[in-house]
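Each chain is listed here by its residues.
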Amino acid sequence: MMEYNLKDILAQFDVDTNIEVYGNGHINDTYMCETDPRFILQRINSNVFKKPWEVMENIANVTAHVAKKIKATGGDVNRETLNVIKTKDGENYYKLDEENYFRMYKFVEDTISYEIVDDPIQMYNTGHAFGKFQKMLNDFPADKLYETIVKFHDTPERVNQLKEAIEKNASGRKESVKAEIDFALSYSKYAAEIMEAMKKGEVPLRVTHNDTKLNNVLFDDKTGEGICVIDLDTVMPGSLLYDFGDALRFGASSGTEDEKDLDKIYFDLEKFEQFAKGFLEETADCLTEKEIELLPLSALLMTYECGIRFLADHINGDTYFKIHRENHNLDRARTQLKLVYDIESKLDVMHDIIKKYL
Ligand code: ADP
Ligand code: GN1
Ligand code: MG
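The structure reproduced in this document is the subject of the present report. Remember, it's a predicted structure, so these values are computed and weren't measured experimentally.

About the thresholds
- Residues numbered from 1 in each chain as written.
- Chains lettered and ligands numbered in written order.
- Predicted model: local features only at pLDDT ≥ 70, side-chain atom pairs only at ≥ 80, totals over all residues.
- Heavy atoms only, no water.
- Axes fitted to C-alpha atoms, helices over the stretch in contact; angles between N-to-C directions.
- Helix = DSSP H or I, 4+ residues; strand = E, 2+ residues; numbered from the N terminus.
- Parallel < 35°, antiparallel > 145°, perpendicular 65-115°, else oblique.
- Nonpolar A, V, L, I, M, F, W, Y, C, P; charged D, E, K, R; others polar.
- Buried < 20%, exposed > 50% of the residue type's maximum accessible area, 1.4 Å probe, protein only.
- Near = heavy atom within 4 Å.
- Polar contact = N/O pair within 3.5 Å; in protein donor to acceptor, adjacent residues only side chain to side chain.
- Areas by Shrake-Rupley, 256 points an atom, 1.4 Å probe, with all protein chains shown as cover.
- Domains from an automatic or database assignment.

## A short note on the packing of helix H10 (residues 289-316) against helix H11 (residues 328-356)
The contact between H10 and H11 brings their axes to 8 Å, and the two run at 175 degrees. When the axis of H10 is compared with that of H11, the two are roughly antiparallel. For the contact of H10 with H11, a count of residues per class yields 18 nonpolar, six polar and four charged.

So, in structure tokens, the structure goes:
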């Protein structure tokens with residue numbers, strides 16, 4: 001239920017216009033303002049982001065850093081990065097009350113976004129976009145960033161959270177998803193691989209995006225190039241493997257994240273290859289040996305992590321991800337687990353593909 005009046009919120013940004021619900025994100029409430037030029041208004045999900053003011057400070061700093069890089073190379077700052085629109089009081093966000101925080105961005109015009117890849121070249125463009133984003137942030141001071149979601153990609157911790165959900169069984173759905181739970185727990189052997197390598201210092205801590213979903217890139221509607229990386233709420237210190245793996249989780253699937261027919265779901269090696277090519281063209285020269293070794297496994301791990309998060313949320317009674325139909329999180333969990341199974345059988349081929357682009 002909407003507990004706020006959008007006209008009043010818009011007035012805080014000195015805007016008075018029609019507005020419509022926009023996009024397919026699972027977290028924030030996004031609206032498009034029909035101004036000229038257009039704006040995006042978002043209610044930050046304060047159930048997920050407990051300190052929205054820290055999210056906004058991160059985003060202001062990160063976008064300023066990226067904007068400098070874009071300017072230096074003659075790019076268009078209005079289209080190649082998010083631009084925060086300040087409130088009439090000069091703030092980066094408007095706080096209505098403890099639960100309702102709003103922000104506004106310039107709308108990035110003349111772009112398209114995808115929920116599924118229909119031509120593998122789109123994955124090449126996606127790889128470039130996230131690789132370039134990673135490169136632009138490689139000299140960003142990590143100690144300036146707040147950790148907006150603690151232990152976000154701590155996969156062993158995500159396994160614990162699944163176990164807690166099973167234990168509590170808040171929705172009473174546990175018995176009905178026994179097969180999915182058994183399958184998920186049988187793959188927990190992989191969970192610690194990236195974290196262990198980070199602890200040993202073989203995989204460096206970098207500033208990463210941490211939510212490299214296909215619909216978090218906007219593509220130029222004429223050239224098809226991935227021009228703007230958006231959804232910067234989770235930019236935090238992390239591993240480059242999170243960004244590599246998570247992009248493949250979503251983009252290299254043969255189907256949508258919530259496809260009900262699992263016979264249609266497999267990990268598409270051509271999409272994988274195109275993404276790897278684009279991403280490595282930007283980043284290959286800065287990777288450590290261990291990062292390279294773990295690139296294929298990162299796709300399995302990030303898919304696994306997301307699958308168990310969806311499964312835990314289903315068992316918890318859908319308290320985290322937005323759902324649009326009954327058992328939506330379960331359908332999402334199933335596609336992810338099917339992909340994990342398929343990726344496991346393709347890891348050797350994936351290693352051979354990576355070698356081609358180093
Ligand atoms: P969520 O965290 O809920 O995924 P996002 O920030 O990713 O929220 O926004 C949801 C969707 O809104 C995006 O996938 C994209 O389609 C659209 N969107 C967000 N910001 C912009 C923008 N500045 N210009 C154009 N479209 C945008
Ligand atoms: C969420 O915000 P959105 O829809 O881009 C989630 C990601 C998941 C993804 C699964 C802050 O991403 O971690 O991988 O859904 N974001 C957050 O589709 O939890
Ligand atoms: Mg998003």
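From this point, the narrative continues.
## Side note on the environment of Asn138
Mapped onto the fold, Asn138 is located in the loop between helix H4 (121-136) and helix H5 (155-168). A residue is classified by how much of its surface remains accessible, and Asn138, at 52% relative accessible area, is exposed. Between the C-alpha atoms of Asn138 and Arg206, which are 68 residues apart in sequence, the distance is 6.9 Å.

## Quick look at the site of ligand 1
Around ligand 1, the structure places 20 residues, and the nearest of them are Asn28, Gln42, Val108, Asn215 and Asp231. A distance of 3.0 Å separates a nitrogen atom of ligand 1 from a polar backbone atom of Lys106. Here ligand 1, which alone exposes 550 Å², has 96% of that area covered by the protein. Listing elements by their share of the shell around ligand 1, those giving two or more residues are strand E3 (39-45) and strand E6 (100-106). Class assignment for the residues of the shell around ligand 1 results in nine nonpolar, nine polar and two charged. Looking at which domains feed residues into the shell around ligand 1, each of domain 1 (6-109) and domain 2 (120-356) supplies at least three.

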